[in-house]
Protein chains: 2
Amino acid sequence: MYKIAFDDFFNYSFSLDSVIFGFRNGEINVLLIKRALEPFKNMWAIPGDLVYPDEDLSNAAERILFELTKLNNVELHQAQTFGHPKRHPQGRVITSAYFALVRIEEFHVEASSWAEEVKWVPVHEVPELAFDHNLILNSTFELLKKKLTYEPICFDLLPKRFTLNEMQQLFEYAFGVEMDKANFRKKIRPIPLISHDEKQMNVKHRPAKLFSFNSESYEELTAKESYQFKM
Amino acid sequence: MYKIAFDDFFNYSFSLDSVIFGFRNGEINVLLIKRALEPFKNMWAIPGDLVYPDEDLSNAAERILFELTKLNNVELHQAQTFGHPKRHPQGRVITSAYFALVRIEEFHVEASSWAEEVKWVPVHEVPELAFDHNLILNSTFELLKKKLTYEPICFDLLPKRFTLNEMQQLFEYAFGVEMDKANFRKKIRPIPLISHDEKQMNVKHRPAKLFSFNSESYEELTAKESYQFKM
DNA sequence: GTAAATATTGTTATTTATACAATAACTAAT
DNA sequence: ATTAGTTATTGTATAAATAACAATATTTAC
């Protein structure tokens, strides 16, 4: 492969780190791995690794995530890029963060390759992480919060069928606020939901009705130009 | 400097491209340079170049922008990163887009280094650009539009003192819609503006009053937690 | 059946958005 | 100076969204 004038300019390395969010017990969780390698051996980290020379970024993000956690078939979105010259102790490694939203209960995760362990941790209880991963996580969580307000991505975190209270809890956890139940329901009225006959099971009180997101109807609405998802 | 196991992983190059937006005659413009170098010699492009090995990204973005256009002291924000393996014909070059908002009339731009020419072009009239720069420009303009709705960045594009109509035109151009003058003024009432005694000059009709953004007051408001800029 | 717990709907007042009309202030020509 | 033309600015009426809080309904556990 022909190269630009100075070899010095081809002395970089490029990695991808994937912040995987999931929702469980009213909390937004993030998937962490325990590093079995130096540097930062035995510390928790966001799953990530180096990109192969001929690999497209989104493919690489999928591959790396699968190698480390066996997580597969998730839709990854790009977030911020971090390139401080000293962020990696072993060389100039620039990294792009990716993020995905998953239904925890639908996916199997399993430590693999140089990941010694994997676990879900509530976003607000994340420990000190390797490299600048706390910075990466925080900036990506901020991005998630922004997107929650103008795209219907909360439904990627919620179970396929969810109660309106679960949906409310998700927003309450993300933004650290309490909301009025009645008003929350009015606010989400423009969002196309399918109301099922089915109800919540195994709860010690009146079970709530289950809903699901009507994505077909949502597509029609957005095509019509006047509709805008808003939370 | 010690390096990670395989040299193959240090075979990348990293560049930064800065999309500079300015507002003039009711149109949002973008700053382009004409390339004096292969590849894509003589084509218009977004100003950008390779990052030095020990340089932080935001510093590098500033340096590169200055080298090519003499534009200085602008606040650069990171946008998306592009890394398709074939996006650069001469090697694996991953690039991050940055963007800045400037008052065209306050800054001097001048072609320099390997930029043969510089010019401002209305965003909706941009020609075919070098590399994947049309893609970069479009994605960055989308980001700008989003930010215009939840951050008071329109005031970085408008003259220090502006008329309410100029402000309205900026949003009309960005979103491609026409707005009602009376309602626009009501909508922006929560935004802290300073109303000056000064008026528009050299117009063939009743001159409009000049306003400026009250950033001190805005800082106080946002500190108070309940306020949120919204357009 | 009754208490406890939560789900769901309703009522009212307040604020915000939308459409359109009316008035005010300036320029330029007569 | 008067007047027409042009744009700035304010007002009015209606509909829609938001917010606070009250009331009712449905289920479980005993």
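Predicted, not measured: the structure shown is a model, and the values here were computed from it.

What counts and how
- Residues numbered from 1 in each chain as written.
- Chains lettered and ligands numbered in written order.
- Predicted model: local features only at pLDDT ≥ 70, side-chain atom pairs only at ≥ 80, totals over all residues.
- Heavy atoms only, no water.
- Near = heavy atom within 4 Å.
- Helix = DSSP H or I, 4+ residues; strand = E, 2+ residues; numbered from the N terminus.
- Nonpolar A, V, L, I, M, F, W, Y, C, P; charged D, E, K, R; others polar.
- Polar contact = N/O pair within 3.5 Å; in protein donor to acceptor, adjacent residues only side chain to side chain.
- Expected span 1.5 Å × (residues − 1).
- Buried < 20%, exposed > 50% of the residue type's maximum accessible area, 1.4 Å probe, protein only.
- pLDDT = per-residue confidence, 0-100.
- Contact = heavy atoms within 4.5 Å.
- Core = buried A, V, L, I, M, F, W, Y, C linked by side-chain atoms within 4.5 Å.
- Patch = residues over 30% accessible without salt bridge, like charges linked within 9 Å, V, L, I, M, F, W, Y side chains within 5 Å.
- Areas by Shrake-Rupley, 256 points an atom, 1.4 Å probe, with all protein chains shown as cover.
- Salt bridge = Lys/Arg side-chain N within 4 Å of Asp/Glu carboxyl O.
- Lys, Arg positive; Asp, Glu negative; His and termini not counted.
- Charge placed at Lys NZ, Arg CZ, Asp CG, Glu CD.
- Pairing = 2+ DSSP bridges.
- Axes fitted to C-alpha atoms, helices over the stretch in contact; angles between N-to-C directions.
- Parallel < 35°, antiparallel > 145°, perpendicular 65-115°, else oblique.
- Left-handed = near helix turned anticlockwise from the far one by under 90°.

In the neighbourhood of DNA strand D, 20 residues make up the surrounding shell, with K199(A), R206(A), N165(B), K181(B) and K186(B) lying closest. Backbone atoms, meaning sugar and phosphate, make up 58% of the atoms of DNA strand D lying within 4 Å of the protein. Contributions of two or more residues to the surface near DNA strand D are made by α5 (181–187) of chain A together with α5 (181–187) of chain B. Counting residues per element, the surface near DNA strand D draws most heavily on α5(B), which supplies 4 residues. Among the residues forming the surface near DNA strand D, the class breakdown is 5 nonpolar, 4 polar and 11 charged.

Now for the protein's contact with DNA strand C. As a matter of local geometry, DNA strand C sits amid 20 residues, with N165(A), K181(A), K186(A), K199(B) and R206(B) nearest to it. Expressed as a percentage, the sugar and phosphate content of the atoms of DNA strand C within 4 Å of the protein is 58%. In this structure, N165(A) approaches DNA strand C through a side-chain N or O atom, which is 2.5 Å from a phosphate oxygen. Within the side chain of R206(B), one N or O atom sits 2.7 Å away from a base nitrogen of DNA strand C. At the level of elements, α5 of chain A together with α5 of chain B are the ones that each hand at least two residues to the surface near DNA strand C. Sort the elements by how many residues they give to the surface near DNA strand C and α5(A) lands first, with 4 residues. In terms of residue class, the surface near DNA strand C is made up of 5 nonpolar, 4 polar and 11 charged.

Taking 1.5 Å of rise per residue, 18 residues should cover 26 Å, and helix α2 (residues 133–150) of chain B covers 26 Å from first to last C-alpha, within 8% of that figure. All of the buried residues in α2(B) are H133(B), I136(B), L137(B), S139(B), T140(B), F141(B), L144(B), K145(B), K147(B), L148(B) and Y150(B).

All right, on to the confidence of the model for chain A then. Chain-level statistics for chain A give a pLDDT mean of 93 and a share of 95% at 70 or above. Contacts of residues 1–7 of chain A to residues separated by more than four positions or lying in other chains number 12 contacts, the stretch itself having pLDDT below 50.

Ranked by internal contacts, the top residues of the largest apolar core, which has 58 residues, are F14(A), L16(A), I20(A), F14(B), L16(B) and I20(B). Ranked by size, the runner-up nonpolar core spans 43 residues in total, among them L101(A), L129(A), A174(A) and F211(A).

Our next topic: the environment of V30(A). All names here are of chain A. Along the chain, V30 falls in strand β2 (residues 27–35). With 10 residues separating them along the chain, V30 and I20 place their C-alpha atoms 5.5 Å apart. In this structure, V30 is in contact with V19, I20, F21, K119, W120, V121, V123, V126 and L137, ignoring residues within four places of it in sequence.

The grouping of K181(A), R185(A), K199(A), R206(A) and K209(A) at the surface amounts to a positive patch. With respect to the helices and strands, K209(A) occurs in strand β9 (residues 209–213).

Quick look at the pairing of strand β6 (residues 93–102) of chain A now. Residues and elements named next belong to chain A. Summarising burial for β6: 10 of the 10 residues are buried, a large majority. Residues V93, T95, A97, F99 and L101 of β6 are buried on one face, and the alternating residues I94, S96, Y98, A100 and V102, pointing to the opposite face, are buried as well. When strand β1 (residues 13–24) meets β6, the two strands line up parallel, connected through 10 bridges. Counterpart to L16 in the pairing with β6 is S96. As judged from the 4 bridges shared by strand β5 (residues 77–82) and β6, these two strands associate in the antiparallel manner. When the bridges of β6 are listed, T81 appears paired with S96.

Let's shift gears to the environment of L16(A). Residues and elements named next belong to chain A. Considering the arrangement of structural elements, one finds L16 in strand β1. C-alpha separation for the pair L16 and I46, spaced 30 residues apart in sequence, amounts to 9.7 Å. Excluding residues that lie within four positions of it along the chain, L16 makes contacts with P47, G48, D49, V51, L57, A60, A61, I64, T95, S96 and Y98.

If you want to describe how two helices pack, look at the angle between their axes and the distance between the axes. Residues and elements named next belong to chain B. One can describe the packing of α2 onto helix α4 (residues 164–175) by two numbers: an axis separation of 10 Å at closest approach and a directional angle of 135°. One way to sum up the angle between α2 and α4 is to call them oblique. The hand of the α2/α4 crossing is left-handed. Across the interface between the two elements, F141, K145, L148 and T149 of α2 pack against L170, F171, A174 and F175 of α4. For the contact of α2 with α4, the per-class residue count stands at 6 nonpolar, 1 polar and 1 charged.

Following E38(A), the chain continues into P39(A) via a peptide bond in cis, with omega recorded as -10°. With respect to the secondary-structure elements, P39(A) resides in the loop between β2 and β3 (44–45). One non-glycine residue with positive phi stands out, namely N25(B), at about 50°. Counting through the fold element by element, N25(B) comes out in the loop between β1 (13–24) and β2 (27–35). Exposure remark for N25(B): the relative accessible area of 71% places this residue in the exposed category. The phi dihedral of N73(B) is positive, around 55°, even though this residue is not glycine. Relative to the elements of secondary structure, N73(B) occurs in the loop between α1 (57–69) and β5 (77–82). A relative accessible area of 72% places N73(B) in the exposed class.

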